[in-house]
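# Secondary and tertiary structure notes
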Amino acid sequence: DTGVSQDPRHKITKRGQNVTFRCDPISEHNRLYWYRQTLGQGPEFLTYFQNEAQLEKSRLLSDRFSAERPKGSFSTLEIQRTEQGDSAMYLCASSPVGLRGDTQYFGPGTRLTVL
Amino acid sequence: SQQGEEDPQALSIQEGENATMNCSYKTSINNLQWYRQNSGRGLVHLILIRSNEREKHSGRLRVTLDTSKKSSSLLITASRAADTASYFCANLRDNYGQNFVFGPGTRLSVLP
């Protein structure tokens, strides 16, 4: 059973550039979540998919952020026109469909640095 | 903004001692979960306790939930150096979809 994988693990970019991150959930998991985590803080919820449907979005997900899960398997998170404040760890998690609030399995994260 | 809070923010103990971390939240919840995060890595699920439960055990971990006080505690017994990590509570608010709310975490250092 492979865990949640994320790619890339690290990304350094210049302000104003676009970046895209990928998350591959555990294969039988229908739910997929994106979080952002800054140093010394807990993860902040960004968005959630059930299969290919994006069911919830946080106010943190500004117009520059977009997430997709086109076939209900892997997901991408794109940040357009990056700003220095976007520097953070971006975490992906997945969980199986079941009772609300099933255990989430986290990937290792993508650390973004915006110069 | 995050609505959960862990207490203390940092805790340093000797190997073999017990560590207790507390978590408070503000609204009614469906369940509360505890996660561990080693430096620079993803989170690992430790234990889930539902709103109708008061206590759960898993190995050296014991979690309690007091819904009247909107608080939970995580007890790690007989701590080991490998327990050094940040510990987060996350709650799933009742009737609020799948939006999990994490606290800022407690950074635990277990000294050999």
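Residues numbered from 1 in each chain as written. Chains lettered and ligands numbered in written order. Predicted model: local features only at pLDDT ≥ 70, side-chain atom pairs only at ≥ 80, totals over all residues. Heavy atoms only, no water.

## With respect to the overall build of chain B
- Along chain B, the regular secondary structure elements total zero helices and eleven strands.
- Helices and strands in chain B line up, N terminus first, as β-β-β-β-β-β-β-β-β-β-β.
- Against the compact-globule benchmark of 13 Å for 112 residues, chain B has a radius of gyration of 13 Å, which places it among compact chains.
- Seen along its three principal axes, the alpha-carbon backbone of chain B occupies a region of about 45 × 30 × 20 Å.
- Expressed as a percentage of the 112 residues in chain B, the buried residues total 48%.
- Considering only residue pairs separated by 6 or more positions, chain B has 55% of its internal contacts joining residues 24 or more positions apart.
- Here chain B displays about 5200 Å² of accessible surface, and carbon together with sulfur accounts for 44% of that area. (Helix = DSSP H or I, 4+ residues; strand = E, 2+ residues; numbered from the N terminus. Rg over C-alpha atoms; globule rule 2.2 N^0.38 Å. Buried < 20%, exposed > 50% of the residue type's maximum accessible area, 1.4 Å probe, protein only. Contact = heavy atoms within 4.5 Å. Areas by Shrake-Rupley, 256 points an atom, 1.4 Å probe, with all protein chains shown as cover.)

## Side note on the overall build of chain A
- The helix and strand tally for chain A stands at zero helices and eleven strands.
- When the helices and strands of chain A are listed from N to C terminus, the series reads β-β-β-β-β-β-β-β-β-β-β.
- Its C-alpha atoms put chain A at 40 × 25 × 25 Å along the principal axes.
- Across chain A, every contact between residues at least 6 apart in sequence was considered, and the portion connecting residues at least 24 apart equals 54%.
- When the 15 basic and 13 acidic side-chain charges of chain A are each reduced to a single mean position, those positions are 6 Å apart. (Lys, Arg positive; Asp, Glu negative; His and termini not counted. Charge placed at Lys NZ, Arg CZ, Asp CG, Glu CD.)

## Regarding the state of the cysteines
- Scanning the model with the defined rule gives two disulfides over all chains in all.
- Here C23(A) pairs with C92(A) through a disulfide, and the sulfurs are 1.8 Å apart. Handedness of the C23(A)-C92(A) disulfide follows from its S-S torsion of about -65°: it is left-handed. On the criterion of sequence distance, the pair formed by C23(A) in strand β3 (residues 19-24) and C92(A) in strand β9 (residues 88-95) is long-range, its members being 69 residues apart. Exposure class is identical for C23(A) and C92(A). Each is buried.
- A sulfur-sulfur separation of 1.9 Å characterises the disulfide bridge that pairs C23(B) with C89(B). Across the S-S bond of C23(B) and C89(B) the torsion is about 70°, and the bridge reads as right-handed. Of this pair, C23(B) sits in strand β3 (residues 19-24) while C89(B) sits in strand β9 (residues 85-93), and the two are 66 residues apart along the sequence.
- Note on C89(B): relative accessible area 1%, which makes it buried. (Disulfide = S-S within 2.5 Å.)

## Digging into the pattern of salt bridges
Residue and element names in this part refer to chain A.
- Applying the stated criterion across every chain, the model contains five salt bridges over all chains.
- Close ionic contact of D24 with R22 constitutes a salt bridge, the shortest N to O distance being 2.7 Å.
- Between R64 and D86 there is a salt bridge, with the nearest N and O atoms lying 2.8 Å from each other. With R64 in the loop between β6 (53-57) and β7 (65-68) and D86 in the loop between β8 (75-79) and β9, this residue pair connects regions lying 22 residues apart in the sequence. For the pair R64 and D86, a shared accessibility class is recorded, and that class is buried.
- Through salt bridges with shared partners, a single network forms among R64, E83 and D86. (Salt bridge = Lys/Arg side-chain N within 4 Å of Asp/Glu carboxyl O.)

## Notes on the interface of chain B and chain A
- The interface is formed by 28 residues belonging to chain B together with 25 residues belonging to chain A.
- Summed over both sides, the interface between chain B and chain A buries roughly 1900 Å², with carbon and sulfur atoms accounting for 46% of that surface.
- Interface area lost by chain B to chain A is led by L43(B), Q98(B) and F100(B), which between them contribute 29%.
- Along the contact surface separating chain B from chain A lie three residue pairs in polar contact (both at pLDDT 80 or more). (Buried area = accessible area lost by both parts, 1.4 Å probe. Polar contact = N/O pair within 3.5 Å; in protein donor to acceptor, adjacent residues only side chain to side chain.)

## A few points about the nonpolar core
- If you look at the biggest cluster of nonpolar residues, it comprises 21 residues, and the most contacted ones within it are L32(B), W34(B), L74(B), I76(B), Y87(B) and L108(B).
- Of all elements in the fold, only β3, β4 (29-37), β5 (43-50), β7 (61-66), β8 (71-76), β9 and β11 (106-111) of chain B reach the threshold of two or more residues within this core.
- Among the nonpolar cores identified, the runner-up in size contains 19 residues, and W34(A), A67(A), I79(A) and V114(A) belong to it. (Core = buried A, V, L, I, M, F, W, Y, C linked by side-chain atoms within 4.5 Å.)

## Notes on the confidence of the model for chain B
- Per-residue confidence for chain B averages 89 on the pLDDT scale, and 94% of its residues sit at or above 70.
- The least confident element of chain B is strand β1 (residues 5-7) of chain B, whose mean pLDDT is 80; the most confident is β7(B), at 97. (pLDDT = per-residue confidence, 0-100.)

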